[in-house]
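# Inside the fold
Each chain, letter by letter, is given below.
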Amino acid sequence: MIDLHTHTTNSDGTDSPHALVNKALSAGIKILGVTDHDTTSGWEDAIRARRADLQLALGAEISCLTEDGVAVHMLGLLFDGHDSKMQVMLEESRDSRLPRMRKMTELLTADGIDISLEEVFAAMPEGATLGRPHLADALVAKGHVASRDEAFADLLHNGSKYYVTHIAPTPEDAIRKIRSAGGVAVIAHPFATRRGQTLSAMSFPSLIEAGLNGVEVDHRDHSQDERQQLRGIAGDLGLVITGASDYHGTGKLNSIGENQTDPAEWERLESLADARRVVTE
Ligand code: AMP
Ligand code: ZN
Ligand code: FE
Ligand code: FE
């Protein structure tokens, strides 16, 4: 079993990298992608926790914005974690998440939904990439909403009046940085319309030109119809097809391994990195 897209407490998941590795092992996963939002800080713990039967494809899920303001997630896998341009890009995104979060708490509070930055910090694990899920958890803790899901549906979704963006590269920028750091770029859940506005099929040529390698097709936020369309695009453009759980621990319903990547597709993807960076020993 190959699951290339998961989150830990280093972003908005609820399992530590160590716990994630244990869960993957007991679920029978052989190759696990560790892809926290805008950070590589969970890699070390995952490597320490790894055991013989499990290979690690370390990476990050990069939060991007198109010039038209569409939110896009780009998975970078197998890149050099020491690449300074990559780390600067990730750091800029993380740094801007603090003023962004302050603004969101101010907008909510001004509208009578009282919540402070301190309360959001209390809901965030040490060292995590600060994000809306932590604000959601703080809103739950305060009794404003019943769950993360309800917080997103009512208050925090991309179209909400309380939504504020953070600094983010364009998808093309992110792809170029991933590739020049030696890794492979896979666009995450590109047609997940229930998350808000998405890219159209017309955006793919520009992503390909930047160096896109693959497309995540099997993801719970894609309908069968969306998967079919994406398979067509991947076939036409020669993109590798992946499937993954986007596991977040108890932060989302997604269970580890619920969608998987075909071994032949994985082999093709892995061969496109500039070095063998899968952690096997
Ligand atoms: P941010 O990067 O701070 O803008 O937060 C975006 C993250 O929120 C995404 O990566 C998702 O994992 C998470 N998210 C989006 N919608 C939901 C939802 N309905 N329930 C829980 N988490 C969500
Ligand atoms: Zn997330
Ligand atoms: Fe995502
Ligand atoms: Fe994700």
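Here we summarise the structure given alongside this text. Computed from a prediction, not measured in an experiment: that's the story for all the values here.

## Structural notes on the overall build of the chain
Helices and strands together make up the secondary structure of the chain, namely 10 helices and seven strands. Rg of the C-alpha trace for the chain: 18 Å, near the compact-globule value of 19 Å for 281 residues, within the 12% margin. Based on the C-alpha atoms only, the size of the chain along its principal axes is roughly 55 × 40 × 40 Å. Looking at the 281 residues of the chain, the share that counts as buried comes to 55%. For the chain, contacts bridging at least 24 residues in sequence account for 71% of all contacts bridging at least 6. Carbon and sulfur atoms form 49% of the exposed surface of the chain, whose accessible area is close to 12100 Å².

## Examining the site of ligand 1
Around ligand 1 sit Asp-12, His-37, His-73, Arg-97, Arg-100, Gly-131, Arg-132, Pro-133, Asp-149, Phe-152, His-248 and Lys-252, and those are all the residues in its vicinity. Contact between ligand 1 and Asp-149: a nitrogen atom at 3.1 Å from a side-chain N or O atom of the residue. Coverage of ligand 1 by the protein chains reaches 87% of its 500 Å² of free accessible surface. Taken together, the elements giving at least two residues each to the shell around ligand 1 come down to α3 (84-110), α5 (132-141) and α6 (148-156). Counted by class, the shell around ligand 1 contains two nonpolar, four polar and six charged residues.

## Examining the coordination of the iron ion (ligand 3)
Summarising the metal site, the iron ion (ligand 3) is bound by the protein donors Glu-61 (OE), His-73 (ND1) and His-189 (NE2), whose distances to it range over 2.1 to 2.2 Å. Along the chain, the residues donating to the iron ion (ligand 3) are arranged with the sequence spacing E-x11-H-x115-H. Here the zinc ion (ligand 2) and the iron ion (ligand 3) are spaced 5.7 Å from one another. With His-73 in strand β4 (residues 71-77) and His-189 in the loop between β5 (184-188) and α8 (204-210), this residue pair connects regions lying 116 residues apart in the sequence. Residue His-189 is classed as buried on the basis of its relative accessible area of 7%.

## A closer look at helix α9 (residues 224-237)
For α9, which comprises 14 residues, the first-to-last C-alpha distance of 20 Å matches the rise-based estimate of 20 Å (1.5 Å per residue) to within 8%. Of all the positions in α9, only Glu-226, Arg-227, Leu-230, Ile-233 and Ala-234 are classed as buried. Within α9, the buried residues cover an arc of 125 degrees as seen down the axis, which keeps them to one side. Exposed and oriented more than 90 degrees from the buried face of α9 are Gln-224, Asp-225, Gln-228, Gly-235 and Asp-236.

## Observations regarding the coordination of the zinc ion (ligand 2)
Distances from the zinc ion (ligand 2) to its protein donors, Asp-12 (OD), Asp-12 (OD), His-37 (NE2) and His-248 (NE2), fall at 2.0 to 2.6 Å. We classify His-37 as buried; its relative accessible area is 11%.

## As for the environment of Asp-95
Within the fold, Asp-95 resides in helix α3. Under the relative-accessibility criterion, Asp-95 is labelled exposed at 52%. In this structure, the C-alpha to C-alpha distance between Asp-95 and Ile-167, residues 72 residues apart in sequence, is 8.5 Å.

## Topic: the sheet that holds β4
Strands in a sheet are paired, the pairing made by backbone hydrogen bonds, and the direction either parallel or antiparallel. Ordered by their spatial adjacency, seven strands build an open sheet running β1-β2-β3-β4-β5-β6-β7, and the pairing between neighbours is mixed. Strand pairing shows two members of the sheet lacking a second neighbour, β1 (2-3) and β7 (240-243), which therefore form its edges. In this structure, strand β2 (residues 31-37) lies alongside strand β3 (residues 55-65), joined through seven bridges in parallel fashion. Across the sheet, residue Val-34 finds its bridge partner in β3, namely Leu-58. This element, helix α7 (residues 171-180), spans β3, β4 and β5 of the sheet and lies at about 5 degrees to β4. Taken strand by strand, helix α10 (residues 263-271) contacts β1, β2, β3, β4, β5 and β7, and its axis lies near 120 degrees from that of β7.

Calculation criteria
Residues numbered from 1 in each chain as written. Chains lettered and ligands numbered in written order. Predicted model: local features only at pLDDT ≥ 70, side-chain atom pairs only at ≥ 80, totals over all residues. Heavy atoms only, no water. Helix = DSSP H or I, 4+ residues; strand = E, 2+ residues; numbered from the N terminus. Rg over C-alpha atoms; globule rule 2.2 N^0.38 Å. Buried < 20%, exposed > 50% of the residue type's maximum accessible area, 1.4 Å probe, protein only. Contact = heavy atoms within 4.5 Å. Areas by Shrake-Rupley, 256 points an atom, 1.4 Å probe, with all protein chains shown as cover. Near = heavy atom within 4 Å. Polar contact = N/O pair within 3.5 Å; in protein donor to acceptor, adjacent residues only side chain to side chain. Nonpolar A, V, L, I, M, F, W, Y, C, P; charged D, E, K, R; others polar. Donors = N, O, S within 2.8 Å, 3.2 Å for Na, K, Ca; no water. Expected span 1.5 Å × (residues − 1). Arc of directions from axis to C-beta. Pairing = 2+ DSSP bridges. Axes fitted to C-alpha atoms, helices over the stretch in contact; angles between N-to-C directions.

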